[in-house]
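A closer look at the structure
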Number of protein chains: 2
Amino acid sequence: MDIKQVAKETSKVLASYLTYQAVRIITNQLRETNPGQAIWLSGFSSTGKIQDGEAYLQEMLQENQEMAFRIMTVRDHLVQEVADYLPEMVRDNIQKANIDYRRQYLERITQLSSVEPNRETELQTDSEPNPDPSVS
Amino acid sequence: MDIKQVAKETSKVLASYLTYQAVRIITNQLRETNPGQAIWLSGFSSTGKIQDGEAYLQEMLQENQEMAFRIMTVRDHLVQEVADYLPEMVRDNIQKANIDYRRQYLERITQLSSVEPNRETELQTDSEPNPDPSVS
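Residues numbered from 1 in each chain as written. Chains lettered and ligands numbered in written order. Predicted model: local features only at pLDDT ≥ 70, side-chain atom pairs only at ≥ 80, totals over all residues. Heavy atoms only, no water.

What follows concerns the overall build of chain A. Within chain A, the secondary structure is distributed over six helices and zero strands. Starting at the N terminus and ending at the C terminus, chain A contains elements arranged as α-α-α-α-α-α. Looking at chain A as a whole, 37% of its 136 residues are labelled buried. Across chain A, every contact between residues at least 6 apart in sequence was considered, and the portion connecting residues at least 24 apart equals 51%. Of the roughly 8,200 Å² of accessible surface on chain A, 51% is carried by carbon and sulfur atoms. (Helix = DSSP H or I, 4+ residues; strand = E, 2+ residues; numbered from the N terminus. Buried < 20%, exposed > 50% of the residue type's maximum accessible area, 1.4 Å probe, protein only. Contact = heavy atoms within 4.5 Å. Areas by Shrake-Rupley, 256 points an atom, 1.4 Å probe, with all protein chains shown as cover.)

Applying the stated rule across the entire model yields eight aromatic pairs over all chains. When the centroid spacing of 5.1 Å and the interplanar angle of 80° are considered together, the rings of Tyr105(A) and Phe69(B) count as edge-to-face. Linking Tyr105(A) in helix H5 (residues 86–115) with Phe69(B) in helix H4 (residues 65–82), this pair reaches from one chain into another. Take Tyr105(A): its relative accessible area is 18%, and that puts it in the buried class. When its relative accessible area of 18% is taken as the criterion, Phe69(B) is described as buried. For the pair Trp40(B) and Phe44(B), a centre-to-centre distance of 5.3 Å together with 25° between the ring planes defines the contact as stacked. Of this pair, Trp40(B) and Phe44(B) both sit in helix H2 (residues 35–45), four residues apart, roughly one helical turn. Chaining the aromatic ring pairs together yields one cluster made of Trp40(A), Phe44(A) and Tyr56(A). Seen from the ring of Phe69(B), Arg102(A) lies directly overhead, with NZ or CZ sitting 5.5 Å from the centre. (Phe/Tyr/Trp six-rings, centres within 6.5 Å; stacked < 30°, edge-to-face > 60°. Lys NZ or Arg CZ within 6 Å of the ring centre and 35° of its normal.)

Turning our eyes to something else, we now look at the nonpolar core. Among the nonpolar cores identified, the biggest contains 68 residues, and Tyr56(A), Ile71(A) and Ile71(B) are the most heavily contacted of them. Every residue in contact with Tyr56(A), bar those within four places of it in the chain, is listed here: Thr19(A), Val23(A), Leu41(A), Phe44(A), Ser45(A), Lys49(A), Ile50(A) and Ile71(A). (Core = buried A, V, L, I, M, F, W, Y, C linked by side-chain atoms within 4.5 Å.)

Let us now look at the interface of chain B and chain A. Of the residues lining the interface, 53 residues belong to chain B; the matching set on chain A comes to 53 residues. Roughly 5,300 Å² is buried in total at the junction of chain B and chain A, and carbon and sulfur atoms are behind 65% of that figure. Here Glu9(A) ties to Arg24(B) by a salt bridge, and the two come within 3.1 Å at their closest N and O atoms. Summed over the shared surface of chain B and chain A, the result is 16 residue pairs in polar contact (both at pLDDT 80 or more). Listing elements by their share of the side of chain B that touches chain A, those giving two or more residues are helix H1 (3–33), helix H3 (53–63), H4 and helix H5 (86–115) of chain B. With 17 residues, H1(B) is the largest single contributor of residues to the side of chain B that touches chain A. Classifying every residue of the side of chain B that touches chain A by side-chain character gives 27 nonpolar, 14 polar and 12 charged. (Buried area = accessible area lost by both parts, 1.4 Å probe. Salt bridge = Lys/Arg side-chain N within 4 Å of Asp/Glu carboxyl O. Polar contact = N/O pair within 3.5 Å; in protein donor to acceptor, adjacent residues only side chain to side chain. Nonpolar A, V, L, I, M, F, W, Y, C, P; charged D, E, K, R; others polar.)

In this section: the environment of Leu30(A). Looking at the element boundaries, Leu30(A) is found in helix H1 (residues 3–33). Along the primary structure Leu30(A) and Leu41(A) are separated by 11 residues, whereas in three dimensions their C-alpha atoms are 9.0 Å apart.

Residue and element names in this part refer to chain B. Within H2 the residues assigned to the buried category are Ala38, Leu41, Phe44 and Ser45. On an axial view of H2, the arc spanned by its buried residues comes to 130°, and they lie on one face. For H2, the elements touching its buried residues are H1, H3 and H4. (Arc of directions from axis to C-beta.)

Following this line, the structure appears as structure tokens:
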């Protein structure tokens, strides 16, 4: 498990995602101020290339330099505002979801064993080696 | 610009991405220890549903509870290891890339104006109001 590589790839994905969020924010602003340009920006961004934020910005720089700079400014603002909150938020997300899945699972097996006690015992004996040899 | 909403959505995407990384790590481990299960896990994870990590885990819990728990454990480990490094890494990524794009742009317009001085002057006069009225 190469943790350093995972961190590197994750931060790249994060930068791409914040670029996408910047484009979304600017598209919404343009819908109010310049609907034609909003449509152009949606079109330019909808072909899946925004999946890679850096390739997208490179292309945008060739196509519309002013828009590229605007996206760069907004994503820089976004990363300053949200980055510090992310570690705690994502840790919470994962831990809460994990606890929830374990709870759901426990509820399910508890229900199973109270509703169908015989079938449950049978399944266990069939599918797994008996962990306690003294019982067999 | 709803910063709180952006932070919330970003941390959700992050949790999904770490789930995907956990699956990748486990698939690689299984290639060594249990190739058949590695193939099964790749197949289960390749239909695009891993884009939403929580929906993916819900489905995995129904399908293969032991595997779901293993993924939950690995993603929990990953988030503990990488989360704290992410703010600085993603800020650096974005700032360095932005500086690089601005440098590229400056190099391009500097080349343009040294190679085609007349055309460049013409373009400027055509497209923008002159910022310094005393020059006109």
